[in-house]
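Summary of structural features
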Amino acid sequence: MLDLHRLRILREFAMRGTVTAAAHALGYSPSAVSQQLAALEREAGVPLVRRSGRRLLLTPAGQELADSAGRILGLVEQVQTRIAARHDAPGGTVRLAVFQSAALALLPAALPLLARTAPRVRVEVTQSEPAQALEDTWARDFDLVVAEEYPHHSAPHYEGLTRVTLISDEIALAVPAGASAHLHDHREAAWVMEPRGTSSRHFAEQTCRVAGFEPDIRYETADLQAHLALVHAGLAVALIPGLMWPHATPGVTRASLPEPAHRTVFAAFRDTSRDDAAIEATLSALTAAARAVAAP
């Protein structure tokens, strides 16, 4: 009989690529992961891993078992969901991953609502960048993720994850009070943007280039509250999504872009947990909070 816990470790190793990465994801030591893989190998009766220099690689049998492990774990999750659904009210723990502006805008309304509608549900929240959070949800590190897509930059798609749109979030120009509301007038201004490689950074750079100039990116941070603080201080201009505007001070002016642009904020969960009442209740609370934010 193959141990389910060891199958999950094998699947993590297959997804992460190294024993060290799998150990980090699982919260184990590398030696513990190696021991569990060796024990699973004895249970299977065939070699599952092989050495290649200093690296440990899956054998064909190991890869086949790792692929099957995903389906097996999904089936177990479905059974657990059906059993939990027998309770009169949803309960249990939902591990939620969410990015900064969604956490600031949605959680203060969603969590109290959930406490009223499903008091037996416990939500554990982790702030995480959307691309990584989607992968981690697919890998079963989280149960539910709130992620984002910027125009022409699709977030990664994973087979077996269902997406539900929460809000279409308009992106606007943020300038110090009294400054011009026209994008092209800020070709000489200092800009604050998110780090290189992010979809928001690429969108912001392209927006400036389409307007006919290369932005002077003097400040770089993933913290959108810091963006607003720099704009308020008169030190920079920025492109800010709608969910952050309730946190802007009167010293920051909002101006529409020449071509309106929106990012999509969505939730995602595994297909195998579709009928999980606790996840459904959490998603309903997030949806209600998003509708309240979007209301005029």
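Everything below is about the structure printed above this text.
Let me begin by describing the structure that accompanies this report. (Residues numbered from 1 in each chain as written. Predicted model: local features only at pLDDT ≥ 70, side-chain atom pairs only at ≥ 80, totals over all residues. Heavy atoms only, no water.)

As a further point, take the overall build of the protein chain. If you tally the helices and strands in the protein chain, you get 9 helices and 11 strands. Principal axes of the C-alpha set define a box for the protein chain whose edges measure 75 × 55 × 30 Å. The buried share among the 296 residues of the protein chain stands at 45%. Of the contacts formed within the protein chain by residues at least 6 apart in sequence, a portion of 74% connects residues at least 24 apart. Just so you have it, the protein chain exposes about 14800 Å², and 52% of that area is on carbon and sulfur atoms. Computed over 28 positive and 32 negative side-chain charges, the separation of the two mean positions in the protein chain equals 5 Å. (Helix = DSSP H or I, 4+ residues; strand = E, 2+ residues; numbered from the N terminus. Buried < 20%, exposed > 50% of the residue type's maximum accessible area, 1.4 Å probe, protein only. Contact = heavy atoms within 4.5 Å. Areas by Shrake-Rupley, 256 points an atom, 1.4 Å probe, with all protein chains shown as cover. Lys, Arg positive; Asp, Glu negative; His and termini not counted. Charge placed at Lys NZ, Arg CZ, Asp CG, Glu CD.)

Glancing now at the packing of aromatic side chains. Considering all chains together, one arrives at 3 aromatic pairs under this definition. When the ring of tryptophan 138 is compared with that of tyrosine 158, the centres are 5.5 Å apart and the planes differ by 25°; the resulting orientation is stacked. Of this pair, tryptophan 138 sits in helix H6 (residues 130–138) while tyrosine 158 sits in the loop between strand E5 (144–149) and strand E6 (161–176); the two residues are 20 residues apart in sequence, bridging distant segments of the chain. A relative accessible area of 25% means that tryptophan 138 is categorised as partly exposed. Note on tryptophan 191 and phenylalanine 213: the rings are 6.3 Å apart at their centroids and 35° apart in plane angle, and the pair reads as tilted. (Phe/Tyr/Trp six-rings, centres within 6.5 Å; stacked < 30°, edge-to-face > 60°.)

Our next topic: the pattern of salt bridges. Scanning the model with the defined rule gives 18 salt bridges in all. Across the pair arginine 16 and aspartate 141 runs a salt bridge whose closest N-O atoms are separated by 2.7 Å. Of the two residues, arginine 16 is situated in helix H1 (residues 4–16) and aspartate 141 in the loop between H6 and E5; the sequence distance between them amounts to 125 residues. For the pair shown, arginine 16 and aspartate 141 are each scored as buried. Ionic pairing is found between arginine 122 and glutamate 124, a salt bridge with its closest N-O pair at 3.2 Å. Ionic contacts of the salt-bridge type, sharing partners, join the residues Arg8, Glu12, Arg16, Glu135, Asp136 and Asp141 into one network. (Salt bridge = Lys/Arg side-chain N within 4 Å of Asp/Glu carboxyl O.)

Ala102, Leu106, Leu144, Val146, Leu166, Val265 and Leu286 are the most contacted members of the largest nonpolar core, which totals 29 residues. Broken down by secondary-structure element, the contributors of at least two residues to this core are strand E3 (92–98), helix H5 (100–117), E5, E6, strand E11 (261–270) and helix H9 (277–294). In terms of residue count, the dominant contributor to this core is H9 (8 residues). The contacts of leucine 286, once residues within four sequence positions are left out, are Leu96, Leu106, Leu107, Ala110, Leu144, Val146 and Leu166. The next biggest cluster of nonpolar side chains, apart from the first, holds 18 residues, and it includes Ile9, Ala23, Val33 and Leu40. (Core = buried A, V, L, I, M, F, W, Y, C linked by side-chain atoms within 4.5 Å.)

The subject of this paragraph is the packing of H1 against helix H3 (residues 30–44). It is at 9 Å that the axes of H1 and H3 come closest, and there the two elements cross at 115°. Judged by the twist between their axes, the crossing of H1 over H3 is left-handed. Side by side, H1 and H3 meet where His5, Arg6, Leu7, Ile9, Leu10 and Phe13 of the first sit next to Val33, Gln36, Leu37, Ala39, Leu40 and Glu43 of the second. By residue class, the composition of the contact of H1 with H3 is 8 nonpolar, 2 polar and 2 charged. (Axes fitted to C-alpha atoms, helices over the stretch in contact; angles between N-to-C directions. Left-handed = near helix turned anticlockwise from the far one by under 90°. Nonpolar A, V, L, I, M, F, W, Y, C, P; charged D, E, K, R; others polar.)

The bulk of non-glycine residues show a negative phi, and the bulk of peptide bonds are trans. Unlike most non-glycine residues, arginine 140 shows phi in positive territory, near 75°. Relative to the assigned elements, arginine 140 resides in the loop between H6 and E5. Judged by relative accessible area, which is 11%, arginine 140 ranks as buried. Of note, histidine 152 is a non-glycine position whose phi angle comes to about 65°, a positive value. Summarising the element assignment, histidine 152 is placed in the loop between E5 and E6. Assessed through its relative accessible area of 82%, histidine 152 is described here as exposed.

With respect to the helices and strands, the residue alanine 105 is situated in helix H5. Sequence-wise, alanine 105 and serine 256 are 151 residues apart; in three dimensions their C-alpha atoms are separated by 20 Å. Leaving out residues up to four positions away in the same chain, alanine 105 has contacts with Leu243, His247 and Val293.

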